[in-house]
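# Coordinate analysis (summary)
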Amino acid sequence: MTSDTTIEWIVSDAPVPYSDALAFMEQRAVAIREGTATECVWLLEHPPLFTAGTSADPAELLNPLDFPVYEAGRGGRYTYHGPGQRVGYVMLDLEQRGKDIRCFVHALEGWMIDALAELGVAARRAPGRIGIWVGEGDNEAKIGALGVRVKRWVTLHGFALNVAPDLSHIGGIVPCGIAEFGVTSLAKLGKLMPLTRVDSALKRSFSSFLNALERACKVS
């Protein structure tokens, strides 16, 4: 079991082209599997774009602003990325962390929920729906998305938290195939803050995320 002190954290200040991020993740995953690089968490933003997961339905892509669309290679459907959204790419070696993909996804959701709690937002999972949710009734909305890929037991991709993106951009898709609920952000909820504060919350709650994986490793 590797500790969180051996995991490299990268934070990019400028938006990263999606193709560059894909190339980095692929290369890093190979290096992790070969034992020539450490595990990695990469926090970044992208320029406005849509990504298509392996279950994407072309009918759910409207794209009136003609943003670029990328095949992501991860699970899920269409997702928006853009400025004001904190994207976290998580490259971990599940061979050392339980070899349980379902547990990894559950722990990733828990990490997002814990970080949002540190920021004063009560978020949760919703049975039968992908993503992280806030609010009740007519005010229920999605604040975080996740989609992962596992290659030779190394994880790629990760999550996206809406901090202060242009939410009108998300109208170019049916986000994650869920049309009946809205999408929100920390800013829309009245939580105005820089990405650095979100990053700090993610770092503070990271150990709990790793502990969730460690418990699965002990069981398996």
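Refer to the preceding data block for the structure.
Predicted model only: the values in this text are computed from it and were never measured.

### A word on the overall build of the protein chain
Helix and strand counts for the protein chain stand at four helices and 11 strands. In terms of overall size, the protein chain behaves like a compact globule, its C-alpha atoms giving a radius of gyration of 16 Å where 220 residues would be expected to give roughly 17 Å. Its C-alpha atoms give the protein chain principal-axis dimensions of about 45 × 35 × 35 Å. A burial count over the protein chain gives 51% of its 220 residues as buried. Once local pairs closer than 6 in sequence are excluded, the contacts in the protein chain between residues at least 24 apart make up 69%. For the protein chain, the exposed area adds up to about 9800 Å²; of that, 53% sits on carbon and sulfur atoms. Computing the positive centroid from 22 side-chain charges and the negative centroid from 25, the protein chain places the two 4 Å apart.

### Re the sheet that holds strand 3 (residues 49–52)
Overall, mixed pairing links the three strands, which are arranged 4-3-5 in an open sheet. Edge strands, defined here as strands with exactly one partner in the open sheet, are strand 4 (69–71) and strand 5 (78–81). Each adjacent strand pair in this sheet contributes to an overall mean axis angle of 30 degrees, direction not counted. Where strand 3 lies against strand 4, three bridges are found, and the strand directions are parallel. If you follow A52 over to strand 4, its bridge partner there is E71. Each of strand 3, strand 4 and strand 5 is contacted by helix 1 (residues 18–34), which is oriented at about 15 degrees to strand 4, the strand it contacts most.

### Some points on the pairing of strand 10 (residues 154–162)
Counting buried positions along strand 10 yields nine of nine residues, so the element is predominantly enclosed. Pairing between strand 6 (residues 85–91) and strand 10: five bridges, direction antiparallel. Residue Q85 lies in a different strand from strand 10, and its bridge partner there is N162. With eight bridges connecting them, strand 9 (residues 141–151) and strand 10 associate as antiparallel partners. Counterpart to G147 in the pairing with strand 10 is G158. Linking strand 9 to strand 10, which pair antiparallel, is a turn of two residues; within it R152 sits at a positive phi near 50 degrees.

### Considering the pattern of salt bridges
As enumerated under the stated definition, the model contains 13 salt bridges in all. With its nearest N and O atoms 2.6 Å apart, the salt bridge here joins E8 to R28. Placement of the pair is E8 in strand 1 (residues 8–11) and R28 in helix 1, with a sequence separation of 20 residues. According to the relative accessible area criterion, R28 is buried, its value standing at 11%. A salt bridge links E95 to R33; the nearest nitrogen and oxygen atoms lie 3.0 Å apart. Of the two residues, E95 sits in the loop between strand 6 and helix 2 (101–118) while R33 sits in helix 1, which places them 62 residues apart along the sequence. According to the relative accessible area criterion, E95 is partly exposed, its value standing at 38%. Exposure remark for R33: the relative accessible area of 17% places this residue in the buried category. Salt bridges here are not isolated pairs; linked through shared partners, they connect R124, R129, E136 and E140.

### Focus on unusual backbone geometry
Backbone geometry at D66 places phi at a positive 60 degrees, although glycine is not the residue there. Structurally, the position occupied by D66 is in the loop between strand 3 and strand 4. Phi at H157 takes a positive value of approximately 65 degrees, unusual for a residue other than glycine. Within the secondary structure layout, H157 lies in strand 10. Take H157: its relative accessible area is 3%, and that puts it in the buried class.

Cut-offs and rules
Residues numbered from 1 in each chain as written. Predicted model: local features only at pLDDT ≥ 70, side-chain atom pairs only at ≥ 80, totals over all residues. Heavy atoms only, no water. Helix = DSSP H or I, 4+ residues; strand = E, 2+ residues; numbered from the N terminus. Rg over C-alpha atoms; globule rule 2.2 N^0.38 Å. Buried < 20%, exposed > 50% of the residue type's maximum accessible area, 1.4 Å probe, protein only. Contact = heavy atoms within 4.5 Å. Areas by Shrake-Rupley, 256 points an atom, 1.4 Å probe, with all protein chains shown as cover. Lys, Arg positive; Asp, Glu negative; His and termini not counted. Charge placed at Lys NZ, Arg CZ, Asp CG, Glu CD. Pairing = 2+ DSSP bridges. Axes fitted to C-alpha atoms, helices over the stretch in contact; angles between N-to-C directions. Salt bridge = Lys/Arg side-chain N within 4 Å of Asp/Glu carboxyl O.

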